[in-house]
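Results of the structural survey
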Amino acid sequence: MLGKIFPENNPHLNQNYSLSLYWILSRISLLYKIPEDQYSVIRNNFEKLDIARLEAMNRDYSERPNDDIFEDLSLAMSRGNTGIEGIQTRHDIIGAYLFNGVELEPLPNVDPNRIYSHEEKLILFTRAGGKCQLEHFGNICGHILDFDEAVVDHIKPHSAGGLTLLENGRISYKLCNISRGVRDDFNPATECKYAIISTT
Ligand SMILES: [Zn+2]
């Protein structure tokens, strides 16, 4: 698949990236088919990511707090292939951006786990802009989350037959998620003290 996504030599693709891409694509392919007409979207996302990384390398971070994930990616790339943390950072950042706007088709007959995979959470977290997506009659929580505070909520509860697939997943603050349980009447406007309510 990697060969089809990158049919020609690509100046952005080095060995460390190849390993990360191989790993991420393998993980996603356990649950989703990636249609061939989506390969160019993936390639574009990857190129954009690497261009952002190269720009980040030349930025001056002394003036402001370092919260730029592209710099994290730069560091993870320059650390090379060694060190679990660098590899994990690389996988996570690439995994989060690689599937922007990509149509993934759930594989038939995959018996979905009750828990979303790490890679699915990365994709959903990025699509959600890192905000809690729980909503009640059009009121969206919007609490801004760290990745570690976020969990993936089944829109249709798993206990009610909701599948563990991207289309049935949304990002939620873990405490919101606990208080929501399987209720349909969880109202972030009154039940989440961190909510930044917006409406649909
Ligand atoms: Zn919330």
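Above this text is the structure in question.
Residues numbered from 1 in each chain as written. Predicted model: local features only at pLDDT ≥ 70, side-chain atom pairs only at ≥ 80, totals over all residues. Heavy atoms only, no water.

1. Some thoughts on the coordination of the zinc ion
Listed as protein donors to the zinc ion are Cys 132 (SG), Cys 141 (SG) and Cys 176 (SG); their distances from the metal cover 2.3 to 2.4 Å. Of note, the zinc ion draws all its donor residues from one chain, in the sequence arrangement C-x8-C-x34-C. Here Cys 132 matches Cys 141 in class, with each residue buried. (Donors = N, O, S within 2.8 Å, 3.2 Å for Na, K, Ca; no water. Buried < 20%, exposed > 50% of the residue type's maximum accessible area, 1.4 Å probe, protein only.)

2. Looking at the layout of surface pockets
Of the voids in this model, the largest pocket is the one considered here, and its volume is about 620 Å³. Every residue lining the largest pocket is counted, 18 residues in all, and those nearest its centre are Ile 69, Ile 93, Leu 122, Phe 125 and Phe 147. Every element with two or more residues in the lining of the largest pocket is listed here: helix H4 (69-78), helix H5 (84-98) and helix H6 (118-127). Looking at the lining of the largest pocket, the element that brings in the most residues is H5, giving seven residues. Residue composition of the lining of the largest pocket, grouped by class: eight nonpolar, five polar and five charged. Domain assignment of the residues forming the lining of the largest pocket places at least three in each of domain 1 (2-98) and domain 2 (129-199). By volume, the second largest pocket is sized at about 340 Å³. Residue assignment for the lining of the second largest pocket shows that the elements contributing at least two residues are H6, strand E5 (150-154) and helix H7 (174-180). (1 Å grid on protein atoms, 1.4 Å probe; cavity = no way out; pocket = protein on both sides within 12 Å on 5 of 7 lines; lining within 4 Å. Points joined across faces, edges and corners; volume = space filled by probe spheres on them. Helix = DSSP H or I, 4+ residues; strand = E, 2+ residues; numbered from the N terminus. Nonpolar A, V, L, I, M, F, W, Y, C, P; charged D, E, K, R; others polar. Domains from an automatic or database assignment.)

3. As for the environment of Val 151
Tracing the backbone shows Val 151 in strand E5. For the pair Val 151 and Lys 174, spaced 23 residues apart in the sequence, the C-alpha separation amounts to 5.5 Å. The contact partners of Val 151, leaving out residues within four places of it in the chain, are Arg 170, Ile 171, Ser 172, Lys 174 and Asn 177. (Contact = heavy atoms within 4.5 Å.)

4. A short note on the sheet that holds strand E7 (residues 198-199)
If you walk across this open sheet you meet the three strands as E3-E4-E7, and the pairing is antiparallel. This sheet does not close on itself; its edge strands, each paired only once, are strand E3 (135-136) and E7. Where strand E4 (residues 139-140) and E7 come together, two bridges link them in antiparallel fashion. Its bridge partner being in E7, Ile 140 is matched across the sheet by Ser 198. (Pairing = 2+ DSSP bridges.)

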